[in-house]
Amino acid sequence: MGKKLKNMTDSNLLLLITIVIFFLMYVGAVVFQGKGFLKAQTFFNILNENAALIILACGMSLVMITGGIDISVGGVTALVTMCCAVYLDRHDGNVGFSIVIALLIGLAFGIVQGYLVAYLDIQPFIVSLAGMFFARGMTTIVNTNPFNVENAEFVALKATRVVVPFMGTINKKGKYVDAYVEIGVIVALIMVILLFCFLRWTSLGRSFYAVGGNKQSALMLGINVKKTKFLSHLICSILAGIGGYVYFLHVGSGAATNAQGAEMNAIASSIIGGTMLTGGVGNIIGTLFGVLSLATIKNIVASAGLDQAWWTGITIAAMLCIFLVIQSVVMARKKK
Amino acid sequence: MSPEMNKVSKKSDFPGSLLRNQLFIPFAALFILLVFNLIADPSFFKITMSQSNAGNAVLLGPIITILDNGSELAILAIGMTLVTAATGGQDISVGAAIAIAGSTLLRVLCGTNTRPDTLRTTVFAAFLISVLVAMAFGAFNGMLVAIFKIQPMVATLILYTAGRSIAAWINNNELPIISTQASPTFAYYGGYIPGIPIPTPFFIAAACVVVILLVLKFTNLGLYTQAVGINESSSRLNGLNPVFIKWLTFVILGVCVAVAALIKVSRLSSINYSVIAKDIEMDAILAVALGGNALSGGKFNMVASIIGAYVIQMLTTTLYKFQVPSDALPAYKAVVVILLVVFSAPAVREKLERMDIGRSKKTGGVRA
């Protein structure tokens with residue numbers, strides 16, 4: 001019980017660091033970058049841009065809590081966009097079935113990767129590295145050239161906006177402009193709430209933490225460790241399928257270069273959000289703030305005039321590095 | 001590397017001992033690929049003598065291409081094997097690190113002028129600087145892994161993300177080109193030296209292999225990395241410094257990266273930050289796995305890894321020969337990786353050995 005309590009304080013400490021850093025960054029952005037950041041729509045745009053990433057990062061956190069990792073999520077996203085795009089455009093398909101395709105792709109990856117990791121005891125990194133290369137390669141095999149989807153039903157769905165009440169701004173002409181979010185954001189927020197409840201209040205969710213914290217004692221508690229690991233990879237890949245579809249809804253095109261580096265951003269968000277790589281510690285709310293912090297940094301970098309592509313890569317890597325070292329220090333302190 | 005293993009396996013009967021030899025996997029893969037190519041298209045083995053653009057007589061043919069293009073991979077496999085053995089993880093930033101080392105090399109040679117008429121220093125001096133830079137990045141990775149105890153693959157993920165951005169930043173996103181007027185000899189490292197019909201990268205790779213084999217023979221590097229990989233705490237109790245040894249393997253990999261970068265940059269006489277050495281980390285890890293080395297660390301066989309590297313290159317060349325587009329290659333290689341790791345997984349091995357009726361009792365103890 002004492003260990004559990006200690007773990008929880010760690011989790012809360014890391015979560016607190018993330019939330020504080022996010023608010024500091026946002027306030028800093030408002031102060032230094034002008035009033036653009038003060039508009040609600042700027043914040044909603046960050047959500048719109050990163051809805052898919054939120055879903056991917058939630059799945060990633062889930063796997064990382066059980067002590068695994070899954071770097072195939074970006075590849076799966078690209079594969080989903082391409083398969084759905086080809087189905088909708090070339091075969092004149094309907095939107096409902098394209099969602100099923102996305103889910104099936106995620107399910108297939110989840111079953112194979114989960115089985116290899118959980119039941120054959122192969123390192124999750126190697127398995128998902130192969131998964132990533134397989135997904136990227138398959139995307140080009142399905143279709144080489146990127147193209148925009150012009151399926152009417154899909155375009156209508158893509159253009160659907162959800163108006164957020166009372167958050168609009170008055171533009172220069174004195175007209176009230178509604179603030180809006182895309183459907184993807186709603187999906188992402190539902191996923192966040194579902195997963196938060198799942199991890200906090202179901203026994204299966206609690207067993208994720210137990211397996212990640214200490215496999216041996218989880219086994220002694222009567223938890224089916226293999227099944228839990230399998231499920232974590234399965235859920236992560238299905239979320240990658242859903243995230244892939246949300247990404248597809250946002251960009252509206254199928255391309256092999258879609259979601260390049262998404263796995264990296266998802267891992268970075270999870271780590272920034274206080275999920276421990278060693279497993280057993282993590283929080284979905286933290287992950288949400290991790291994504292938001294990452295996105296805010298990107299926006300600050302862009303609006304500070306450092307818009308050369310390399311600055312984004314370098315800042316994300318630097319931030320990831322700092323948070324990894326913080327975690328390592330926290331772990332070292334706990335051992336003492 | 002494995003006299004003990006041989007002794008053990010000699011006890012069992014013939015096919016079993018052959019199957020258990022570590023060199024069996026890479027050679028079997030090589031054999032399968034050779035037979036496949038022989039049946040599909042015998043011209044695979046044709047080697048012709050012809051004139052190159054520079055007017056030298058050079059050897060051409062798929063086999064020569066494999067020896068040529070496999071060089072960088074073989075060099076990287078050396079460092080990757082050591083890192084794998086000591087840390088039980090892999091460095092996935094080697095491709096990005098090659099971009100950094102190559103970019104540094106060009107920056108030193110060309111300065112801010114992207115089309116120089118003369119080089120600012122000798123190639124050797126620039127190479128030394130790029131080795132230092134690559135070693136520094138290796139040391140950074142090593143520090144994260146050894147001191148901060150971050151999983152190697154996640155620690156190197158940082159450089160994997162930032163590496164190509166840093167490489168572009170070093171040269172201010174310009175693409176310097178070294179013309180033959182500026183330096184007639186620069187293209188030799190990735191091409192041919194006049195009068196020698198065999199591509200230079202092959203010699204560079206061979207030199208690296210000889211150096212590492214001598215180092216392994218005359219120093220305790222091999223013993224120490226394996227000891228750390230097998231059991232870190234007991235190696236510490238035996239007076240080794242696991243932190244330093246893990247760190248050292250990453251620095252050695254840094255040197256390998258710089259050599260590979262020299263060849264890569266010399267091939268083009270230029271650089272493309274987003275494409276240079278793309279996906280090479282996958283191939284390097286695959287080479288180590290194909291060499292029969294456990295990706296979870298511990299014992300390793302350097303020769304097997306290097307043969308593994310050339311087998312991977314042969315697979316690539318074969319796939320290209322059958323008109324598989326380069327973007328689709330990873331899918332095929334991923335299948336190979338999965339098959340390899342599945343067959344080398346302890347759970348599967350146990351099952352296979354249980355299927356070996358009668359032999360299971362004798363070998364069960366060895367495997368465990």
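Structure report, in brief.

The rules we used
- Starting from 1, residues in each chain are numbered consecutively following that chain's sequence as written.
- Think of it this way: whatever chain is written first is A, whatever ligand is written first is 1, and the rest follow in order.
- Only residues with pLDDT of at least 70 get local features here, since the model is predicted, and only at 80 or more are side-chain atom pairs given and counted; chain-wide, interface and lining totals rely on the full set of residues.
- To obtain the side-chain values, all non-hydrogen atoms of the structure were included, while hydrogens and water were left out.
- Like-charged residues are merged into a patch within 9 Å and nonpolar side chains (Val, Leu, Ile, Met, Phe, Trp, Tyr) within 5 Å, provided each residue has over 30% relative accessible area and no salt bridge.
- Here the open area of atoms and residues is found with the Shrake-Rupley method and a 1.4 Å probe, where only the protein chains shown may cover a residue.
- Salt bridges are defined by distance alone: a side-chain nitrogen of Lys or Arg within 4 Å of a carboxyl oxygen of Asp or Glu.
- Secondary structure elements are taken from DSSP: a helix is a run of H or I of four residues or more, a strand is a run of E of two residues or more, and numbering for both begins at the N terminus.
- The cut-offs for exposure are 20% and 50% of the maximum accessible area for each residue type, with area from a 1.4 Å probe on protein chains only; residues under the lower value are buried, those over the upper are exposed, and the others partly exposed.
- Here a polar contact is taken to be a pair of N or O atoms separated by no more than 3.5 Å, where protein atoms must pair a possible hydrogen donor with a possible acceptor and residues adjacent in sequence count only if both atoms sit in side chains.
- Any pair of residues with heavy atoms lying within 4.5 Å of one another is described as a contacting pair.
- We place a 1 Å grid over just the protein atoms. Points where a 1.4 Å probe fits but has no way out form a cavity, open points with protein on both sides within 12 Å along at least 5 of 7 lines form a pocket, and any residue with an atom within 4 Å of a point lines it.
- Grid points are joined across faces, edges and corners, and a volume is the space filled by probe spheres set on the points.
- Here the nonpolar group is Ala, Val, Leu, Ile, Met, Phe, Trp, Tyr, Cys and Pro; Asp, Glu, Lys and Arg are the charged ones; every other residue, Gly included, is treated as polar.
- By definition, the buried area sums, over both parts, the 1.4 Å-probe accessible area that each loses when the two are put together.
- Axes here refer to lines fitted to C-alpha atoms; in helices the fit is confined to the stretch in contact. Angles between the N-to-C directions go from 0 to 180 degrees.
- In these notes the angle categories are as follows: under 35 degrees is roughly parallel, over 145 is roughly antiparallel, 65 to 115 is roughly perpendicular, and the rest is oblique.
- Handedness of a crossing is defined here by the sense of rotation of the near helix relative to the far one, left-handed for an anticlockwise turn of less than a right angle and right-handed for a clockwise turn.

A short note on a nonpolar patch on the surface
All names here are of chain A. Taken together, Phe97, Val100, Leu104, Leu107 and Ile111 make up a surface patch of nonpolar side chains, about 400 Å² in accessible area. Position of Phe97 relative to the elements: it lies in helix α4 (residues 95-119). Exposure remark for Phe97: the relative accessible area of 42% places this residue in the partly exposed category.

A few points about the pattern of salt bridges
Residues and elements named next belong to chain B. Applying the stated criterion across every chain, the model contains 7 salt bridges over all chains. Between Arg267 and Glu72 there is a salt bridge; the shortest N-O distance is 2.9 Å. Here the residue Arg267 occupies a position in helix α11 (residues 242-268), and Glu72 occupies one in helix α4 (residues 62-87), the gap between them amounting to 195 residues. Relative accessible area serves as the criterion here: at 27%, Arg267 is assigned to the partly exposed category. A residue is classified by how much of its surface remains accessible, and Glu72, at 1% relative accessible area, is buried. Glu232 serves as the salt-bridge partner of Arg236, at 3.7 Å between the closest nitrogen and oxygen. Of this pair, Arg236 and Glu232 both sit in helix α10 (residues 232-237), 4 residues apart, which is roughly one turn of that helix. Assessed through its relative accessible area of 25%, Glu232 is described here as partly exposed.

Considerations on the side chain of Ser232 of chain A
Residue and element names in this part refer to chain A. Tracing the chain through its elements places Ser232 in helix α10 (residues 225-251). For Ser232, a relative accessible area of 0% puts it in the buried group. In this structure the side chain of Ser232 is engaged in a polar contact, spanning 2.7 Å, whose partner is the backbone oxygen of Lys229. Setting aside residues no more than four positions away along its own chain, Ser232 makes contact with Leu62, Val63, Thr66 and Phe208.

Looking at empty space enclosed by the protein
For the structure shown, the criterion picks out 4 cavities of 30 Å³ or more. Roughly 80 Å³ of volume is contained in the largest cavity. Contributing to the lining of the largest cavity are Asn48, Ala51, Leu157, Lys158, Thr160, Glu182, Ile183, Gly184, Val185, Val246, Leu249 and His250 of chain A. For the lining of the largest cavity, the secondary structure elements donating two or more residues are α2 (40-65), α6 (152-159), α7 (183-201) and α10 of chain A. Here the residues of the lining of the largest cavity sort into 6 nonpolar, 4 polar and 2 charged. Lining the second largest cavity are 13 residues, and of these Asp91, Ala97, Gly138, Asn141 and Val257 of chain B lie nearest its centre. Those elements that place two or more of their residues in the lining of the second largest cavity are α5 (94-110), α6 (123-146) and α11 of chain B.

Here's the deal with the interface of chain B and chain A
Chain B puts 40 residues into the contact, and the matching count from chain A is 33 residues. For the pair chain B and chain A, the summed buried area comes to about 3200 Å², and 83% of that belongs to carbon and sulfur atoms. Counting across the chain B and chain A interface gives 0 salt bridges. Among the elements of the structure, α6, α7 (152-170), α12 (280-290), α14 (329-344) and α15 (346-355) of chain B are those that each provide at least two residues to the side of chain B that touches chain A. Broken down by element, the residue count for the side of chain B that touches chain A peaks at 11 residues, all from α7 of chain B. When grouped by side-chain class, the residues that make up the side of chain B that touches chain A number 30 nonpolar, 8 polar and 2 charged.

What to know about the packing of α6 of chain B against α7 of chain B
All names here are of chain B. Running from N to C, α6 and α7 cross one another at 150 degrees; their axes reach a closest spacing of 9 Å. One finds that α6 runs roughly antiparallel with respect to α7. Crossing of α6 over α7 shows right-handed handedness. Contacts between α6 and α7 involve Phe137, Phe140, Asn141, Leu144 and Val145 from the former and Pro152, Ala155, Thr156, Ile158, Leu159 and Ile166 from the latter. Grouping the amino acids of the contact of α6 with α7 by side-chain chemistry returns 9 nonpolar, 2 polar and no charged.

Everything listed here is a matter of geometry and, on its own, says nothing about what the molecule does.
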